[in-house]
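Read off the chains here:
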Amino acid sequence: MKKIYEIQLSGIKIGTTAFEFADTPMGVVYGKINFENVDSPYNLFKNHCQQHKVTINQDDKEYKFIDTQVIPKLKVYLENGTELVGWGGAISGMEKGNDFEIQFGGINSKIMKTEFAQHYYDYYGNESDLIKIQVDEQFKKICESILAKNLNINQWGEIESSDEFQTERYHGGFDTTEMEFCFSYYIEKQEYWFQLNLNDIERIINAKVEFLYPRKAE
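What counts, and where the lines are drawn
- Residues numbered from 1 in each chain as written.
- Predicted model: local features only at pLDDT ≥ 70, side-chain atom pairs only at ≥ 80, totals over all residues.
- Heavy atoms only, no water.
- Helix = DSSP H or I, 4+ residues; strand = E, 2+ residues; numbered from the N terminus.
- Buried < 20%, exposed > 50% of the residue type's maximum accessible area, 1.4 Å probe, protein only.
- Salt bridge = Lys/Arg side-chain N within 4 Å of Asp/Glu carboxyl O.
- Axes fitted to C-alpha atoms, helices over the stretch in contact; angles between N-to-C directions.
- Parallel < 35°, antiparallel > 145°, perpendicular 65-115°, else oblique.
- Left-handed = near helix turned anticlockwise from the far one by under 90°.
- Contact = heavy atoms within 4.5 Å.
- Pairing = 2+ DSSP bridges.
- Polar contact = N/O pair within 3.5 Å; in protein donor to acceptor, adjacent residues only side chain to side chain.
- 1 Å grid on protein atoms, 1.4 Å probe; cavity = no way out; pocket = protein on both sides within 12 Å on 5 of 7 lines; lining within 4 Å.
- Points joined across faces, edges and corners; volume = space filled by probe spheres on them.
- Nonpolar A, V, L, I, M, F, W, Y, C, P; charged D, E, K, R; others polar.

J.: Would you mind showing me how to read unusual backbone geometry here?
T.: Among all residues save glycine, negative phi is the norm, and among peptide bonds the norm is trans. Although it is not a glycine, lysine 53 sits at a positive phi angle of roughly 55 degrees. In this fold, lysine 53 is placed in the loop between α1 (41-51) and β6 (56-60). The exposed category is assigned to lysine 53, whose relative accessible area is 77%. For asparagine 150, which is not glycine, the phi torsion reads 55 degrees and is therefore positive. Looking at where asparagine 150 falls in the secondary structure, it is placed in the loop between α4 (137-148) and α5 (153-158).

J.: How should I be thinking about the pattern of salt bridges in this particular structure?
T.: Between side chains of opposite charge, pairing is possible as soon as their charged atoms come close. Tallying each qualifying case throughout the model produces 12 salt bridges. Among the salt bridges present, the one from lysine 113 reaches aspartate 129, with a minimum N-O distance of 3.4 Å. On the criterion of sequence distance, the pair formed by lysine 113 in helix α2 (residues 109-114) and aspartate 129 in the loop between α3 (117-124) and β11 (133-134) is long-range, its members being 16 residues apart. Measuring nitrogen to oxygen at the nearest pair gives 3.4 Å for the salt bridge that ties glutamate 164 to lysine 149. A residue pair is termed long-range when its members are at least 10 positions apart, and glutamate 164 in strand β12 (residues 161-166) and lysine 149 in the loop between α4 and α5 qualify at 15 residues.

J.: Sorry, what's going on with the packing of α4 against helix α6 (residues 198-205) here?
T.: For any two helices packed against each other, one specifies the crossing angle of their axes together with the interaxial distance. Two elements in contact, α4 and α6, have axes whose closest approach is 9 Å; the angle formed by their N-to-C orientations is 125 degrees. As far as their axial angle goes, α6 and α4 are oblique. In this structure, α4 crosses over α6, and the sense of that crossing is left-handed. Of the residues in α6, those in contact with Phe139, Lys140, Cys143, Glu144, Ile146 and Leu147 of α4 are Leu198, Ile201, Glu202, Ile204 and Ile205.

J.: Looking at this structure, I do not really get the pairing of β6. What am I missing?
T.: A regular strand places its side chains on the two faces of the sheet in alternate fashion. Sheet analysis places β6 next to strand β7 (residues 65-68), joined by 4 bridges and oriented antiparallel. When the sheet's bridge partners are listed, aspartate 60 is paired in β7 with phenylalanine 65. The hairpin turn running from β6 into β7, its antiparallel successor, is 4 residues long, and lysine 64 in that turn takes a positive phi close to 55 degrees.

J.: What is the right way to read the side chain of glutamine 8 from this model?
T.: Relative to the assigned elements, glutamine 8 resides in strand β1 (residues 5-9). At 2.7 Å, the side chain of glutamine 8 forms a polar contact with the side chain of glutamate 6. Those residues within four positions of glutamine 8 in sequence are excluded, and the remaining contacts are Lys13, Ile14, Lys73, Leu74, Lys75 and Tyr77.

J.: Is there a simple way to think about the pairing of strand β15 (residues 190-196) in this case?
T.: Two strands pair when backbone bridges link them, and strand β14 (residues 180-187) and β15 are joined in this way by 7 bridges, in the antiparallel orientation. Bridge pairing in β15 links phenylalanine 183 to phenylalanine 194. Linking two consecutive strands that pair antiparallel, namely β14 and β15, is a turn of 2 residues; a positive phi of about 55 degrees is found at glutamate 188 within it. Alignment of β15 against strand β17 (residues 215-216), held across 2 bridges, turns out to be antiparallel. Counterpart to tryptophan 193 in the pairing with β17 is arginine 215.

J.: Explanation requested: the layout of surface pockets in the structure shown.
T.: Remark: the empty space left among the atoms is shown by a probe the size of a water molecule rolled over them. Reported here for the largest pocket is a volume of approximately 960 Å³. Around the largest pocket, the lining comprises 38 residues; the ones closest to its centre are Ile111, Lys113, Thr114, Glu115 and Phe116. Mapped by element, the contributors of at least two residues to the lining of the largest pocket are α2, α3, β15, β16 (211-212) and β17. By residue class, the composition of the lining of the largest pocket is 16 nonpolar, 7 polar and 15 charged. In this structure, the second largest pocket is lined by His171, Gly172, Glu178, Cys182, Phe183, Ser184, Trp193, Phe194, Gln195 and Arg215. Within the residue set of the lining of the second largest pocket, elements represented by two or more residues are β13 (170-175), β14 and β15. Residues that form the lining of the second largest pocket fall into these classes: 4 nonpolar, 4 polar and 2 charged.

J.: How do you make sense of the sheet that holds β12 when you look at a structure like this?
T.: Strands pair in a sheet through their backbones, by hydrogen bonds, and they do so in one of two ways: parallel or antiparallel. Pairing is antiparallel across the open sheet formed by 5 strands, whose spatial order is β12-β13-β14-β15-β17. Across the chains shown, the open sheet's two edge strands, defined by having one partner strand only, are β12 and β17. When β12 meets β13, the two strands line up antiparallel, connected through 3 bridges. Paired with serine 161 across the bridge in β13 is phenylalanine 174. Those strands touched by α4 are β12, β13, β14 and β15, and its axis lies near 160 degrees from that of β14. Running over the sheet, α6 touches β14 and β15 and is turned about 100 degrees from β15.

The following block contains the structure:
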């Protein structure tokens, strides 16, 4: 499921990434940086690294190419505002063509299974405790019902109902502990879990999400 992650440097948002790729067993995700209000990414990262004594692996002034080790003040945030936990992020790229990439390492298996479920499933397949299901009309109707209420995340928290939606295959609702919509999905007698935020619900309605990756209930 494609999600958008906010990138901050020294507490200032510099862009986003979708983390399109992963080295799943190594706990690494990486993707293109889409900069916002940054005139020169090369100068931004070079100046920051020099100022904060971050090791630069490679620096080509002519082509404005730079490759760094982990930058402690480079932070990534999930769509719910939570900071992504791991060893941290490093960058590499060339300013020509605005071709910069962020690599974020040290992600544990639990986060890979939940936040980066698609990458986890693509690597481990049937050996994992995840399954891949296509978004069906039954679940689309649930998503339509959620958006029809036109509530923000805090308003959903005020009317929490963990079993508000119940169909043949899906049981669930809004959970204030997770601050997301949590669902059980049933195949015969086996229960699987998955959770979505409001942005995920909108993507499903807009046909930008085709598959879900529920995990086997514990």
